[in-house]
Structures are given as structure tokens and as C-alpha cells.
Amino acid sequence: MARSPRRWPPPSSPAFWRSPLRGPWFTSVLGVVLLAGITVLFVTGLLSYAAYNPDLSPVNDKTPDKGILGFYLFSWPTDPYWLYRLNQGVHVTLGITLVPVLLAKLWSVVPRLFQMPPARSLAHALERLSLLLLVGGALFEFVTGVLNIQLDYVFPGSFYPLHFYGAWVFFAAFVAHVVLRAPTAVRNLRRLRGSEGASAPPPGATGSPPSPPPVSPPVSAAEPSLVSPNPAEPTVSRRGALGLVGGGSLLLFATTVGQNFDGPLRATALLAPHGGAEPGSGPAGFQINKTAASRGISAAETSEEAWRLAVTGPGGTVRLSRADLLRLPLNSSALPIACVEGWSTSDQWWRGVRLRDLAALVGYEADAAPDVLVESLQRRGAFRRAALRANQVRDPRSLLALDVNGEPLTPDHGYPARVIAPAVPGVLNTKWVARMTFGELR
Ligand SMILES: Nc1nc2c(c(=O)[nH]1)N[C@H]1C(S)=C(S)[C@@H](COP(=O)(O)O)O[C@H]1N2
Ligand SMILES: [Mo]
């Protein structure tokens, strides 16, 4: 290997960076993949946030200072009933799948980080500042997202504001970057398709070592080229390197996506915390987020003698035992549990009392049922209370469930009673319900 006798150049010198893989084609291909992928992540992320009913203040609102960033919030629909399951499955699975692409893209442009002088003009300084927000924002969003799903809310209570505000900062920088760079990326891909890009051996030269990439002209007159002026011997072609990145993505995808399905498919989700095995078999053998024991729910307080549901509305408060609830009209719905962490179950058969019928017990017409505040027996930890919007309460599939898959709820799935509603994030499906207040969210 030829090594130059002179001193090793500093990182601010293009000669310091010797990988023959770097170049406009490699960076542009990764950039185009990220352009599509990150746009989907941003849209599904904003939708996921809307699905939390964050404007049902103050109960569900984790970002009370959101101001105009909440401009787009709307009443999350109940149809199709699998909407949140799909949205969140795409958001989390795609986010994990894009990690190798993001890392490769950052690696491909890392020489730019050390570029000297740091700024040649005001415009250039602004562009570099936007890059700081772009790279910082991307790392921040991916790291907070992955930590949240893998490590079970390491940022207690503050994941939503961090990930939500971070998404806006990141996306603003991302749009600026795309506007500035897309023309160059498209030009690079057009110009270089099949030539520099593939590092393809000349026809008839199969098996020969990959040819050194030709030095292409700088991307723009003002910008130093990403191509190393002093490339090391290639160990893999550019196409091979892309294959590695794609293979990494495929591996992450294949070991994550199964957490969206029951049964044997879930066992393939080796990487996901809610992958692997189901928590048992039988009617209650589907994923459990927080067990009764972990939330301090005791058998004594959920017993037939002790437990009463308090339902409050303009007509006063009604107290009902589980036996009382079982004597009300019972209905069934097939609905999934779909968690923000990106895991979900297939449809389960829930049976219980319609939320709209409970509203009717305390002074509302079922068709005019209002928002409801649902509170759990649980005294500590997150998710003790959640608010559902009127359209969710009125939907005839929304239940205070007493049974699942033909058996009474198990303690871990929320016995004596839990909420289940179509297309809502799992976190709104409150377990171990103690109190429901219609019309007034406090
Ligand atoms: N009281 C209470 N209800 C709760 C939770 C909780 O921790 N406490 N977790 C919520 C979350 S985040 C999800 S995803 C679902 C999971 O329901 P499962 O454990 O029956 O699958 O329950 C929701 N209901
Ligand atoms: Mo969840």
C-alpha cells in the first residue's frame, strides 16, 4: 500500500479522508432514500401526536407550550379502526429501518464537518448552521425514538415534548437542506448513473478488482468534492457498500416488523422489546404493556366486593359493581391494541358496555355523548388517566370492556374493566378503570 512520506494531513484537508467510496453518487443515493423516508416519518409522527387528543387539555396534553406547532391538530377519526396500528407500525418500523441509511449518509459527508474555513460568506455560514441543526436534529430524533421504544421511557414524562419539538427543529433544517441540495443530488444521479456510481468493472473484466473511481468535478464551484484526492485501495465497490447498508436495513426490518403481529410472526421480532414470545397462550395470551403487579394493583381492590365504577355526568354519579355492568346491554367489538412504541396485537374480541350507553346513564343522549375523562385505580406511574373525544365515545365499537376473547379480563389486561376504542393509541385504552367523568375534563 502506497503511503505518502509526508506528514499525515489534518482532517480539514481533503487528503485526510481516503475512502474511495465517498463521492457525489453514494451521498446522493442515500440522500434520496432519506428524503422519502424522513418525510414519511415526519407525517406519521405528526399524525401519531394528533391521535393522542393533545388538545383535550389538560389531561392528554404533554406539550402545553406547543403554540402554532399544533396548528394542524384535528379530531382523530375512529375509522378505519386499524388506523393508529398502521400509522405507528410504519413510523417505528421505518425509523428503525432507516438507521443504517442515516449513519451511512452522515459518514459519507463527514469530511465536510472539518471543512476550512468554517464559513466563506454569510450565506455559507447560514447553510452550515442549518447543517448543524440537521445533523443534530436527526441524531436527536433517532436516539430519543429508539430509546423510547427499547428502554421503556427513559425520559419519564418528557419524551413527547422532546421528540415533538425536536421533530419540528429537525424538519425545518431538513426542508432547508433539501431545497438547497435536491438540484445537486438529482444532477449527480443523472450524470453519474451507471458510470462513477457503480464502480462497475469494464465489460469482460469480471472478477477483476474494482477500478479506482474516476475523480469527478466538484459538486459546485464553491464546494470541495467529496471524492478523495488521495484514495486508498478500494475494499468494496460503491454498489457493494450500498448493498451492505441495504442489508443492514433489511436485517433491522426483519427483526422488528413482527412485533405488529400475533403468534409465530411476533417471535421473529428479536430486536423489539415486545417481540419474541407471546406472554402465554389462551384468550389472554396477547401482549401486556404494564402488569397489574408492576402498577401496584391488588386483588383486594379489584374484588367483586370492593370494586365499584363511578360514572359521573350532569345527572349525578352512578356507582356500579362488575355484576351491575354485566346486567347492562353487552356488545362485542374486534379491536387491536396498538402502542406508541410500535408494537400492536391483531384484533381481539372484546365484550362490554358501550361508552355511549354509560354516558346515557348520567344524563346524555347516546348520540350526543361528550368527551370523557377516564381514571384508573392505579395510584402511581404514567397512564393513570386519559381523555377520549366525543367522536370516540359515540362510536358504537367503543367499550368499557369486561371480557376478552370469551373470558373475563385477566388482571394484567385490566380486570375488572378497561377502555377499548377503535383507532386510538394504546395509551388511551385505560386499564383497571375506577372513574369516568363525562363532559368535564379536569
Ligand atoms: N391504568 C393503566 N392503563 C394502561 C396502561 C397503564 O400503564 N396503566 N398502559 C397503557 C398502554 S401504554 C398500552 S399500550 C395498553 C396496553 O394494553 P395491554 O397491556 O392489555 O396490552 O394499555 C394502556 N392502559
Ligand atoms: Mo402504550
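Residues numbered from 1 in each chain as written. Chains lettered and ligands numbered in written order. Predicted model: local features only at pLDDT ≥ 70, side-chain atom pairs only at ≥ 80, totals over all residues. Heavy atoms only, no water.

On the basis of which strands lie adjacent, the open sheet formed by 5 strands has the order β2-β1-β10-β5-β6 and mixed pairing. Edge positions in the open sheet fall to β2 (316–320) and β6 (385–388), since each of these has one partner strand only. Sheet twist, expressed as the mean angle between neighbouring strand axes with direction ignored, is 15°. Across 5 bridges, strand β5 (residues 372–376) lies against strand β10 (residues 433–438) in antiparallel orientation. Each bridged residue has a counterpart across the sheet, and for valine 374 the counterpart in β10 is methionine 436. (Pairing = 2+ DSSP bridges. Helix = DSSP H or I, 4+ residues; strand = E, 2+ residues; numbered from the N terminus. Axes fitted to C-alpha atoms, helices over the stretch in contact; angles between N-to-C directions.)

Another aspect to go through is the environment of proline 100. Tracing the backbone through its elements, the reader meets proline 100 in helix α3 (residues 99–108). We classify proline 100 as buried; its relative accessible area is 17%. Residues proline 100 and glycine 248 lie 148 residues apart in sequence; the distance between their C-alpha atoms is 6.2 Å. Ignoring sequence-local partners within four residues, the contact set of proline 100 consists of Val245, Gly248, Ser249 and Leu252. (Buried < 20%, exposed > 50% of the residue type's maximum accessible area, 1.4 Å probe, protein only. Contact = heavy atoms within 4.5 Å.)

On to the pattern of salt bridges, then. Considering all chains together, one arrives at 12 salt bridges under this definition. A salt bridge links aspartate 395 to arginine 397, with the nearest nitrogen and oxygen atoms 2.7 Å apart. The class for aspartate 395 is buried, based on a relative accessible area of 8%. Arginine 397 sits in the partly exposed class, given a relative accessible area of 23%. Several salt bridges converge on common partners, so that one network encompasses Asp79, Asp395 and Arg397. (Salt bridge = Lys/Arg side-chain N within 4 Å of Asp/Glu carboxyl O.)

Neighbouring ligand 1 are 19 residues, the closest being Gln287, Asn289, Gln378, Arg418 and Lys431. Within the side chain of lysine 431, an N or O atom sits 2.6 Å from an oxygen atom of ligand 1. Computed on the free molecule, ligand 1 has an accessible area of 530 Å², of which 100% lies beneath the protein chains in the complex. Judged by the fraction of its atoms near the pocket grid, ligand 1 is located in the second largest cavity. A breakdown of the residues in the shell around ligand 1 according to their chemical character gives 7 nonpolar, 8 polar and 4 charged. (Near = heavy atom within 4 Å. Polar contact = N/O pair within 3.5 Å; in protein donor to acceptor, adjacent residues only side chain to side chain. Areas by Shrake-Rupley, 256 points an atom, 1.4 Å probe, with all protein chains shown as cover. 1 Å grid on protein atoms, 1.4 Å probe; cavity = no way out; pocket = protein on both sides within 12 Å on 5 of 7 lines; lining within 4 Å. Sits in = over half its atoms within 2 Å of the grid points. Nonpolar A, V, L, I, M, F, W, Y, C, P; charged D, E, K, R; others polar.)

Moving on, we get to the pairing of β5. Of all 5 residues in β5, 4 are buried; the element is thus mostly enclosed. Sheet topology note: the β5/β6 ladder contains 4 bridges and is antiparallel. Note that in β6 the partner of glutamate 375 across the bridge is arginine 385.

This paragraph deals with the UniProt feature "transmembrane region" (unreviewed entry) in the chain. UniProt's entry tags residues 25–52, 90–110, 131–151 and 163–183 with the feature "transmembrane region" (unreviewed entry), counted in the numbering of this structure. With 90% helix and 0% strand, residues 90–110 has its two end C-alpha atoms placed 29 Å apart. Note that residues 163–183 is 100% helix and 0% strand, and that its end C-alpha atoms are spaced 30 Å apart. (UniProt positions renumbered as here; feature names shortened; annotations may be inferred.)

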